[in-house]
Every structure is written in structure tokens, then in C-alpha cells.
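Structure at a glance
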Amino acid sequence: MLFFVPPAALVQAGAAAGPGPGYLGLILTISVLSLLAAGLLARYVLAQDTGTAQMREISDAIKEGAEAFLRRQYKTIILLALVLAVVIFLGYQFGKGDGVLARRVTVSFVAGAICSLIAGFSGMWVSIRSNIRAASAVRTSLNRGLQIALRGGAVTGLTVVAMSLLGVGGIFWLFGGLEEPSAIPFQIVGFGFGASFVALFAQLGGGIYTKAADVGADLVGKVEAGIPEDDPRNPAVIADLVGDNVGDCAGRGADLFESTAAENVGAMILGVALLPTYGIGAVMFPLMARAFGLIASLVGIMVVRTDEDADPMQALNRGYYVTTALAIIGFYVAVHFLLRNNLWLFAAGVVGILTSFAFVWITQYYTEYRYRPVQSIANACKTGPATTIITGLAVAMECTAIPVLTISAAILLSYWFGTQAGLGIPSWNAGLYGTAVATMGMLSTAAYILAMDTFGPITDNAGGIVEMSRQPEAIRRKTDRLDSVGNTTKALTKGYAIGSAALAAFLLFSAYIDTVKEITHVVIPVDLGKIPVFVGALLGAMLVFLFSSFAIKAVGRTAQFIIEEVRRQFRENPGIMAGTSKPDYGRAVDIVTVGALKAMVVPGLLAVCMPVAVGVVFRHFTMGGSNPTIGAEAVAAFLMVGTIAGILMATLMNNGGGAWDNAKKYIETGQLGGKGSDAHKAGVVGDTVGDPFKDTAGPSLHVLIKLLSTITLVALPLFI
């Protein structure tokens, strides 16, 4: 019913009734207008030329495979979500005897799941139709190809952030948050959990699909058959191109959707403590800051353009700079009106924005082949696959240091700013709100970052379409330039995602402690000297490694199926390599689809069930009745140490995998013997090892970190 309320009417009603409705009306208005802008961008992209009949045939195959996978994946996710919704309702209804809370948490969970599904699907729907239009545009103008690809990606970015705002703001309004702003934020934690639940399976399933197809296509095509990437003779090439969309578009869209949704809810919970100081503005501030970020991102997207002989990355960077500058201005406006111009809190937000900048450049240093880490891996390729893998692992481990120092500095500085802000609450709580504001700052450019991320698979697909349709070499060189930039933007987005996940996870951990206090009126310690608490911490770290193992093994198993299928087709149909007969692309797509969907269930359920099991079991270890909150303490340790281990492991996998990938691409530019050389073959092996790191396990860990936070918030009453 919310979505049929005219935004203008909400604003007018808010102006008459007080600041709360006015703030919410403005937030919902900006969200609806952002969705309208996304629709107009989609209309612009879809109106572009679709190239030749051969190009359309390839694009249609990619579109058909991606939509088929998403339909089957969503059926699985919806079934699992419905079962979990029933469990949540029964747990609250009979475990705590609170029917109102049971209904509200369940409704918010379902709403979060639905919004996440819509955001992921809508973004991918446009991306799989943007690829051919970008490919066709490049035939006449590099700038038009760049703009079509970015604006196609912007549909995902704008939709994801706007749906997050509409969902959280709408549930807050429907539950009566304007009348009870101190209670409702605790009742909408299910929204973040629903978003996290969908995101985990979307990212995990899409990641398994894309990397199994990629590994199979590379090993049999490049290494065994000696044919180029995206060669139409490779039966796995369509599955590989499909994978770019279901992993990097739908999966990453769901990832950042749940980041913004969970962070919004967590910050609103912390804002409850500031109601006596700032009124409802303290609770609405996270949503307002995000809304102004949407405006900044849209302007940044529209200013991107490049010359034919210029570096497209510079154009994207200019758009990012514009977005960041406008986001800072919007952040200040939100602080001025909702937080009474508290410049200490504004400074905390700027810390978050600068942290996002830092993560972008740190990731660029470790994953671009212009710099030492990637070049060291490329040089190791000269002596074979073993030294390639050894050097790559060393770089992956090294690259955890600077990001951790950056996160630590951001948390400490924003915490100190919060303590200096004069909020009228205990210093500890004030510092936590400072870190919450920093997290809001880091996510203020999320729509533009996600547009750059989706730009990657669109340009990758465009290059594949150009290659498979036998376009002139000059056209392929143009798409290669865009594809190279797309690889960089995808890597940068992963760095941004892990940085935002780290800050958001700390924010959500703080919200967990606040929620325990709300229920028990006790601030729980997290004392590792207590045996149940120490064991909980140990289990949290173990989950990260076990989950990563399941995800990587899933890629390996599914890749084996596709490798055997490609070999079978080459063996049984010699006309494929001769170019006289067409491979069976559909068979390869179906094999990867079935394998990925089967493989995603076990690690996904492990991530959902384990924190709940820890809390439910350890609540009975009350230490002779002297510590009735021991279950909540054990889960807090599980959450804290699991988050730390997850941040380190995700950073290692994301940057290490990206470095292996770009070491191979560096050789393919003609360095160290170029394509077909022994160094190139070693580079392909290293890239194959890194692929499930950077595109399956690593991105899934982003989601796992935040899923642990949201599920513990939802299940917390069961631990006490």
C-alpha cells in the first residue's frame, strides 16, 4: 500500500504534522524519483541500435541463459525464504509469546527478501540487454559505448539503493515509526536479514556459476585447444558470458542492497539513543544521507564522457569525483537539518567517504598490472605454474595489511569524533554513533560504485559479442579497452564492498549490543576468559574457513562437469574446431546451472543455521545461573571474531584473485612472450586458481559478514 501514496502528498502531510513525516516524505520522494530516473535510463539504453543479426543471435543466447538461471535460482531462494519466514514467526510466537513482534519481524523479513529479489532481477534484466547495444555503439563511437554501458549499469545502482530506502522507510512508516521512533527500529531488523539471506544465495549461486563456466572455458579452450577467449568454437563461451551477469550483476546488486539495508537499520537502532538530543532526526538521518547520495550518484553518472583516444577509466574516475563531492555536500545538508549542524558528526561522515576512496586506490594498487604486486606475479609465470601460485598467495596475504590499517584508522577517528560531538549520552555510545555516521558516509556513493561494477560485465559481454560475431579487429580493440576498464571497476567494487562490509559489520555489532541492552537492561561484556564465549569466538572463525572451502569446492566440482562436456563435444564433433558445425551452447549452460544451484544450498544453510545454533545451545551454559546472558555473549564473540576473520579472508581472496587475473592479462598484452607462451599458460593456471577466490568465495564472504550480524539481531530473543 505504501508504494501507491503520492510522494508530494507525503511531503505536504509532513510539513503540516511536524519534522518526522516531512523527513520521511522527502526520503520516499527522492527514492521514487530515483526509480523513475532508473526507468528513463533503461528506456534510453533499450532505444539504442542492436547491431547485426549475428550479434543479436549471440546476445539472445546470453539473455536466455541468464534469465533461465535466475528463474531457477529465485525459485530455490523463495522456497528457502518461505520456510525461514515460518521458522522466524514460530520462534517469536512460541519462544517469546509475543504475537505482535512475531508478525512484524516476519513481515519485515519477507519485505527485505522481496525488495532484494526485485533489485537484483531488475538490474540484471537491463544489463543483459545493454551488452549488445554497447557492442553496436562501439562500432561508431567509443564514447557512446562507454555511456550506454555505464547507464545500463546505473539502472542497477539506482534501483538497488532506492529499493533499500523505500523498503526500510516504508516498513518504518507502516509499523508506526513516526509515532514510536524509539521502538520500531528494533522491530524492522528482519528487513536487513531478509536482504542478507537473499544476497547470500544470489551471490553464492551466481559466483559458483560464473567461475565454473569461466574455469571450464579457459582450461579447455585456451590451454588445451589453444583457441582465443570468447572464440565461438568453445561450447562453454555462452555459459561464461551468462555467468558475468548472474554473478557480477544480480549477485553484486543483492550484495550492496543488503549492505545499505542492514546499515540503515543498524544506524537507526543506534540513533534511538539520540532521540532526546535530536528528536526523530537522529533516527531518520541514515535514510536522508542515503537519499542525497542517490542524487549525487545520478549527476556523476550523467557527466561521464570520453574522447575517442582517451582513457575511459579517467572518464569514470571524473564521474566518481563529482559523485563524491556532491555526496559530501548532501551529507552536510543532512547533518545541518537533522543533527543541528554538528560538525563533529559531519567530520565522521567525511572519514567514511575518504575511507571509500582509500579502498578504491588500495585495491587498484594490488590488482592493476601497472604496479609491483601484479608484475611480480607475472614475472613468476616465467618459471611455471608453481611459482605463479606461490607468488600470488604471498601477494594475497600481503594485501590484508593496508586495508586493515585503513579500517582501524577510520573506526578510531570516527569514534573519537563521535565522543567530541557533545551528544549528551555516555562517551561509548557517542563514539559508536560516530562510527555509524562514518559507515553512512562510506555508503553514500554506493549507487555510482554499483553502476561501475555492472559496467564490467556489460563491457565483457560486449567484447564477447564482437569477437563471436567476427567484427573487424579495430572494433575488438575498442571493446578490449572498455573490457579492461571493466575488469578494473569490478576489482575496485570488491574492495569498496569489503571496506563497507567491515564498517557496516562493526555498526551492526554495536546495534546487537544495544539490542541486548534494550531487552535485558544490561550491557553485556564479551569476556573471552569465559569458556562458552571463547568457544563461540573459535566457532565464528571456523565458519569463515569452512564456508570458503564449500564455496571453492563447489566451483571445482561444477567446473569438472563443464570441462568434461566441452571435451566430449570436441571429441565427438570434430567439425566444431574446423568451424563447420556449431557447438551445443545450451547443454553447457544447463550443466553449469544445475551444478551451481545444487552447490549453493549447503554453504548457504550452514551460514544461516550456525549462529542460531550457537546462541540456542549456549544459552543453557548459564554457569550455575550466575550469567543468564551467556548465550548472547557467546554469539557476540562468534559475531566479532567471525567478522574479523571474514574481513581478512575476503580481502585476501578478492585482491589475490584479482592480481592473478591481471597478471595473466599483463602477459596477454605481449609481455613475457605474450599469448600462447609458457608464461601465459602459467598465468592462465594462476588465474584459474584466483577465479573462485575473487568471484565466488570472496564476494560471498562480504555477504556472510553482514548476514551474521542481521541474523543474530533477528534471533537475539532466542538467546536470552
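Position numbers for residues count from 1 along each chain, tracking the sequence in the order it is written. pLDDT decides what is reported in this predicted model: residues at 70 or higher carry local features, side-chain atom pairs at 80 or more are listed and counted, and totals for whole chains, interfaces and linings draw on all residues regardless. Only hydrogens and water are set aside when side-chain values are computed; all heavy atoms of the structure are taken into account.

With respect to the pattern of salt bridges
Threshold: Whenever Lys or Arg places a side-chain nitrogen within 4 Å of a carboxyl oxygen from Asp or Glu, that contact is recorded as a salt bridge. Put simply, DSSP H or I for four residues or longer makes a helix, DSSP E for two residues or longer makes a strand, and each gets a number counted from the N terminus. The rule is simple: take the accessible area with a 1.4 Å probe, protein chains only, and divide by the maximum for that residue type; under 20% is buried, over 50% is exposed, in between is partly exposed.
Enumeration according to the criterion identifies 20 salt bridges in this entry. Put simply, D49 and R139 hold a salt bridge, and the shortest N to O gap is 3.2 Å. Remark: R139 occurs in the loop between α4 (99–138) and α5 (142–174) and D49 occurs in the loop between α2 (19–46) and α3 (53–95); sequence separation between them is 90 residues. Judged by its relative accessible area of 44%, D49 falls in the partly exposed class. When its relative accessible area of 30% is taken as the criterion, R139 is described as partly exposed. With a shortest N-O distance of 2.6 Å, D695 and K694 are connected by a salt bridge. Each member of the pair, D695 as well as K694, is classed as buried. A network of salt bridges, in which partner residues are shared, links D661, K664, K665, D687, D691, K694 and D695.

Description of helix α15 (residues 401–419)
Because the α-helix completes a turn every 3.6 residues, residues three or four places apart line up on one side. Selection criterion: Under the convention used throughout, the expected extent of a helix is 1.5 Å for every residue step, that is, one less than its residue count. When we speak of the arc, we mean the arc of directions from the helix axis to the C-beta atoms. In this description, contact between two residues means that some pair of their heavy atoms is separated by no more than 4.5 Å.
Here α15 contains 19 residues, and its C-alpha end-to-end distance of 27 Å stays within 8% of the 27 Å for a straight helix at 1.5 Å per residue. Looking only at α15, the buried set comprises P403, T406, I407, A410, I411, S414, F417 and G418. Summarising the axial view, the buried residues of α15 lie within an arc of 135 degrees, below the 170-degree limit, and thus occupy one face. Pointing more than 90 degrees away from the buried face of α15 are the exposed residues L405 and L412. Buried residues along α15 sit against α12 (343–367), α16 (427–442), α18 (473–520) and α22 (630–668).

Some points on the packing of α4 against helix α17 (residues 446–468)
Where we set the bar: In this analysis, axes come from line fits to C-alpha atoms, helices being fitted only over the stretch in contact, and the angle between any two N-to-C directions falls in the range 0 to 180 degrees. Any angle between 65 and 115 degrees counts as roughly perpendicular, while under 35 counts as roughly parallel, over 145 as roughly antiparallel, and the rest as oblique. Less than a right angle of anticlockwise turn of the near helix away from the far helix marks a crossing as left-handed, whereas a clockwise turn marks it as right-handed. When residues are grouped by polarity, Ala, Val, Leu, Ile, Met, Phe, Trp, Tyr, Cys and Pro land in nonpolar, Asp, Glu, Lys and Arg in charged, and all others, Gly among them, in polar.
Running from N to C, α4 and α17 cross one another at 55 degrees; their axes reach a closest spacing of 8 Å. Viewed along their axes, α4 and α17 adopt a mutual orientation that is oblique. The two elements α4 and α17 cross, and the hand of that crossing is right-handed. Touching S127, S130, N131, I132, A134 and A135 of α4 are T454, I458, N461, A462, I465 and V466, all from α17. For the contact of α4 with α17, the per-class residue count stands at seven nonpolar, five polar and no charged.

Quick word on the nonpolar core
Under the convention used in this document: Nine residue types can take part in a nonpolar core, namely buried Ala, Val, Leu, Ile, Met, Phe, Trp, Tyr and Cys, and a core is a set of them joined through side-chain atoms within 4.5 Å.
Counting residues in hydrophobic clusters, the biggest one holds 245 residues, and the most contacted among them are F285, Y433 and Y512. The contact partners of Y512, leaving out residues within four places of it in the chain, are I524, A632, V635, A636, L639, T712, L713, L716 and F719.

Digging into the packing of α16 against α18
As a packed pair, α16 and α18 sit with axes 9 Å apart at the nearest point and diverge in direction by 145 degrees. At the point where α16 passes α18, the crossing takes the left-handed sense. Here N429, L432, T435, A436, A438, T439 and M442 of α16 come into contact with α18, specifically with Y496, G499, S500, L503, A504, F506, L507, S510, D514 and K517. Among the residues making up the contact of α16 with α18, the classes are represented as nine nonpolar, six polar and two charged.

Examining the confidence of the model for the protein chain
The following threshold applies: As a per-residue measure, pLDDT tells how confident the predictor is, with possible values from 0 to 100.
In the predicted model, the protein chain carries a mean pLDDT of 84, and 95% of its residues have values of at least 70. No element of the protein chain has a lower mean pLDDT than helix α1 (residues 7–17), at 36, and none a higher one than helix α14 (residues 385–398), at 94. Confidence over residues 1–18 falls short of pLDDT 50; this stretch has 18 contacts with residues more than four positions distant or in other chains.

Structural notes on the environment of L35
Tracing the chain through its elements places L35 in helix α2. Taking the C-alpha atoms as reference points, L35 and V160, separated by 125 residues in sequence, lie 9.2 Å from one another. In this structure, L35 is in contact with T159, A162, M163 and L166, ignoring residues within four places of it in sequence.

A word on unusual backbone geometry
Even without glycine at this site, R340 takes up a positive phi of about 55 degrees. Positionally, R340 belongs in the loop between α11 (312–338) and α12. Given a relative accessible area of 59%, R340 falls into the exposed group. Non-glycine residue L672 carries a positive phi angle of around 55 degrees. Tracing the sequence through the fold places L672 in the loop between α22 and α23 (678–715).

A word on the environment of A250
Looking at the element boundaries, A250 is found in helix α8 (residues 237–271). Overall, the relative accessible area of 2% leaves A250 in the buried class. The residues touching A250, leaving out its near neighbours within four places in the chain, are L70, G120, M124 and N245.

A short note on the packing of aromatic side chains
Note on aromatic pairs: each is described by the distance of the centres and the angle between the planes. Stated precisely, the cut-off is as follows: Ring pairs shown here join Phe, Tyr and Trp side chains whose ring centres sit within 6.5 Å, with only the six-membered ring taken for Trp; geometry is labelled stacked below 30 degrees between planes, edge-to-face above 60, and tilted in between. Geometrically, a lysine NZ or arginine CZ counts as sitting over a ring once it is within 6 Å of the ring centre and also within 35 degrees of the ring normal.
Counting across every chain of the model gives 18 aromatic pairs. Taking 5.6 Å as the distance between ring centres and 50 degrees as the angle between the ring planes, the aromatic pair formed by W416 and F417 counts as tilted. Looking at F417, the relative accessible area reads 13%, which means it is buried. Cluster of aromatic residues (ring-pair linked, three or more members): F109, F193, F197 and F201. Between R104 and the ring centre of F175, over which it is positioned, the NZ or CZ distance is 5.1 Å.

Let's talk about a nonpolar patch on the surface
In plain terms, the rule: Patch criteria: residues need more than 30% relative accessible area and no salt bridge. Like-charged residues are merged within 9 Å; nonpolar side chains of Val, Leu, Ile, Met, Phe, Trp and Tyr are merged within 5 Å. Using a 1.4 Å probe, the Shrake-Rupley method yields the accessible areas, and only the shown protein chains count as cover for residues.
A surface patch of nonpolar side chains, about 370 Å² in accessible area, is lined by I295, V299, V303, L326 and I329. Counting only elements with at least two residues in the nonpolar patch, the list comes to α10 (281–302) and α11. Checked against the element boundaries, L326 lands in helix α11.

Things to note about the environment of V105
Along the chain, the position of V105 falls in helix α4. Expressed as a C-alpha distance, the spacing of V105 and F193, which sit 88 residues apart in the sequence, is 9.7 Å. If we skip the residues at most four places from it in the chain, V105 touches I88, Y92, Q187, G190 and V714.

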